[in-house]
Each structure stands twice: as structure tokens, then as C-alpha cells.
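# Descriptive analysis of the structure
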Amino acid sequence: MRFTRRAALAAGLSLTALGLAAPALAQAQPARLKMVLNWKYQGPQSAFFIAQDKGYFKDEGIDLTIDQGEGSAASIVKVAQGSYDIGFGDINALVDIVSKRPGEDTPLAVYVMFNVPPFAIATRADGPIKTPKDLEGKTIGGPANDAALKLFPAFAKMAGIDASKVTITNMQPNLREQMLMRGQVDAAFGFVNTISFSAKSAGMNVERDFRFIQYGDYGLDLYSNSIVVSRKLARENPKAVQGFLRALNRGVKDMLADPAGSTDYVMKREPLLNRAVEVERTIATIKMEMSHPEAAKVGIGDVDDERLKRSIGVVVEANGLPRAPAPEEFYTRAFLPPLAERPTSVSAKTN
């Protein structure tokens, strides 16, 4: 498939809006690209490693280096700073950056993988925190770059929490579950599956010991982790962006077809992981974070335009951002594989 001016227009977004000049579209050289993940190696990242190990990226003329991440919000910042060409991170962190830096060379979201909000606050099941209001007067801990922590002001406003009565403290991500269970913090920020399966890996009983307050239950119907690319890459080598997504999409389909087997590609990078836990984590992530009903219409990777606009409004208002960026300032479907080539359902593959 060739990336053409006609294709971009058909996607509902002009090349001018993307800042892509026509001469750059002729570039066809193999690309050496650097990508940063959302977090440390985990089963749900297997789509990237499948695409790498099976040669899907190579087929597209891409020599890709993949580094572990430090949080879904941090990945967006690293791409914005120019440290990486591609990142896998929270699209809401991108809204924040674009709102504050209008007209600058901010990154683009090009493939939204997680279409159900995973953001949560974990508490002890035997503790006094049962509702969001109970968080007042308490201490919540989380890694500094955790997306749920970053979105707490938005959640607090939607859930009727006086955020000034909540103390937030930072911690190393590998200490989150232990500090919560030891009572060193009253609650902890994170993705529900990240906390659940990190706790299981540490031998904890999640069903017995943890309670989760999930942002999506209180009106934050947000998209989350997406592929973002530097605008420089999109401008200078759009063919590489298109090829990257084509290769990744093949990896996503392989992961959905065999979630358990896909975990082996992650285990190759980190043999000390508990394979059984990572298989369970992968299946749970697919079911809980990639299963929005809209996928049947728009496919994995794309968004519902009206839902995206609403989510922008929620993030901007709740966080007091200076302005609401238009979707086309930070998101484009111009590089996506055709809908016929993208998954439109995940449930049947994880039963």
C-alpha cells in the first residue's frame, strides 16, 4: 500500500493539517527507529515483539529498537522531547501537551490500542476506603509518571472528591503493591491489570486483599494507551509510519489469535517473569482494555470521533488546561491499515 495524498484525504485529514509536505512522501529508504514502551516487559506488549521476531517490521524496511518504559505518561513525554521516534503511552497525556503547546511540533497519535479506560486506584479490601469520597484525608501513592496519577484531578472532579484533602506521594513502581499491603500508603494509583498481576507475581491474593476504584465507573470514558510518533518522523518518512502500523497490526492479530502463545515472545526478553501470570495478564488486558463495543464499527486502532471529542473536554476541564485542542491536532487515522485488515472483535479469541 502506498501512502498518497488521496489516502490522507480519504482518511478525513489533509496533509497540510498534519504538516506533511508532498516531497517527503517519496522517501523510501529503510528506517532505523527507536521505540519506548509504556512499562517494563509484560505479556500485553507481546504484539510488538511478535512483529519484531517474525520479521514484520523488517518486511516494512524498519530496523526497530524497543526499550522498556517508565510509565504511560512518560512515554509520551519522551517522544515529545525527541528521545524516541515512537512511543506506546497514554493519549490523555498527549492532550495535555498539545493543549499547553499550540502550534509546536508535538507528537501524533496514530493507533489507539486500548479503547477502554484502565485507570484505577487500588485499596486494601479490609480497609476503610470503599468509595471515592473515602479517599479524602488519605494518602495515595504511585510512580511519578503513572497515567492514573496524572489523571487524578480529572477523576477527583468527576467523582466529587476534594483533591486538596488528598495527599499524593511518589514511590518506585516495584514497591507499589507492597507499600499498600503494609499500610505505608492508604491507596495506590495504577492500571487495574498492572496492579493485579504485579501483586499476583509477588504471591498476593488479589481477589481477597484488594479493592479497585475504577475511573471509568465515574464518567471518565477515556481512551488510553496508543502509538504516538514524532511529527518529524511523520513529516519526513510517512511511509515508515504506515509500515510500522501495518507490521504492528499483524502482531496484534497474532496476539489476539493466541494470547497464551504470544506471551513467549515477552518471556524471551525477560525469562524471570512468571509465564502463567503473564498469560493471565494478557488475556485480561485484551478483555478489559481492548474490548470497547465501538471496535466492531471502527476497528482496533481507530477512534469514534465524538467520543474522542468528549474525552478531550473531560481532560481539559478537569485538569484546568488552557484550551481544548481539536482532535486533528494530535490524532490522525491517515496512517492506519484499512479497516478490513484490522481486528474488529477480541472476545472470541480470549474465551
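Residues numbered from 1 in each chain as written. Predicted model: local features only at pLDDT ≥ 70, side-chain atom pairs only at ≥ 80, totals over all residues. Heavy atoms only, no water.

Bringing the environment of Ile86 into the picture now. Assignment of secondary structure puts Ile86 in strand β3 (residues 86-90). Put simply, Ile86 and Ile76 are 10 residues apart on the chain and 8.8 Å apart in space, counted from C-alpha to C-alpha. Setting aside residues up to four positions removed in sequence, Ile86 forms contacts with Leu33, Lys34, Met35, Val36, Val79, Ile227, Val228, Val229, Leu233 and Phe244. (Helix = DSSP H or I, 4+ residues; strand = E, 2+ residues; numbered from the N terminus. Contact = heavy atoms within 4.5 Å.)

Right, let's get into the pattern of salt bridges. Taken as a whole, this structure holds 27 salt bridges when the rule is applied. Here Asp305 and Arg333 are joined by a salt bridge, their closest N and O atoms 2.8 Å apart. Of this pair, Asp305 sits in helix α17 (residues 305-319) while Arg333 is found in the segment after α17, placing the two residues 28 residues apart along the sequence. For Glu329, the salt bridge identified is with Arg323, shortest N-O distance 2.6 Å. (Salt bridge = Lys/Arg side-chain N within 4 Å of Asp/Glu carboxyl O.)

Strand order in the open sheet formed by 5 strands is β7-β6-β8-β5-β9, and the pairing between neighbours is mixed. A single partner strand is all that each edge strand has here, and the edge strands are β7 (167-170) and β9 (210-214). The mean angle between the axes of side-by-side strands here comes to 30 degrees, regardless of whether they run parallel or antiparallel. Strand direction decides the pairing type here: strand β5 (residues 119-124) and β9, joined by 5 bridges, are antiparallel. Across the sheet, Arg124 pairs through a bridge with Phe210, a residue of β9. With respect to the sheet, helix α8 (residues 152-159) is in contact with β5, β6 (139-142), β7, β8 (187-191) and β9, its orientation differing from that of β5 by roughly 75 degrees. (Pairing = 2+ DSSP bridges. Axes fitted to C-alpha atoms, helices over the stretch in contact; angles between N-to-C directions.)

Moving on, we come to the sheet that holds strand β10 (residues 225-229). Read across the open sheet, the 5 strands follow the order β2-β1-β3-β10-β4; overall the sheet is mixed. Since the sheet does not close on itself, it has two edges, and those belong to β2 (62-67) and β4 (108-112), each with one partner. This sheet shows a mean twist of 30 degrees between the axes of neighbouring strands, independent of strand direction. As judged from the 4 bridges shared by β4 and β10, these two strands associate in the antiparallel manner.

Before going further, it helps to examine helix α6 (residues 91-100). The buried count for α6 comes to 8 of 10 residues, which makes it a mostly enclosed element. Residues Ile91, Asn92, Ala93, Leu94, Val95, Ile97, Val98 and Ser99 constitute the buried set of α6. Tucked into the core, α6 has its buried residues touching α5 (72-80), β3, β4, β5, β10 and α17. (Buried < 20%, exposed > 50% of the residue type's maximum accessible area, 1.4 Å probe, protein only.)

Before going further, it helps to examine the environment of Asn249. As for its position among the elements, Asn249 is in helix α13 (residues 238-257). Take Asn249: its relative accessible area is 2%, and that puts it in the buried class. Sequence separation between Asn249 and Pro325 is 76 residues, and the spatial gap between their C-alpha atoms is 28 Å. Once you skip the residues sitting within four places of it in the chain, Asn249 turns out to touch Tyr111, Pro337, Glu341, Arg342 and Pro343.

Here the structure, examined in full by the defined rule, presents 11 aromatic pairs. A centroid spacing of 6.3 Å and a plane angle of 15 degrees characterise the contact between Phe210 and Phe212, whose relative ring orientation is stacked. Phe212 sits in the partly exposed class, given a relative accessible area of 22%. Put simply, the rings of Phe119, Phe152, Phe155, Phe189, Phe191, Tyr215 and Tyr218 pair up and form one aromatic cluster. The lysine or arginine in question, Lys34, covers the ring of Tyr84, its NZ or CZ lying 4.8 Å from the ring centre. Just above the ring of Tyr56 sits the side chain of Arg250; from NZ or CZ to the centre is 3.7 Å. (Phe/Tyr/Trp six-rings, centres within 6.5 Å; stacked < 30°, edge-to-face > 60°. Lys NZ or Arg CZ within 6 Å of the ring centre and 35° of its normal.)

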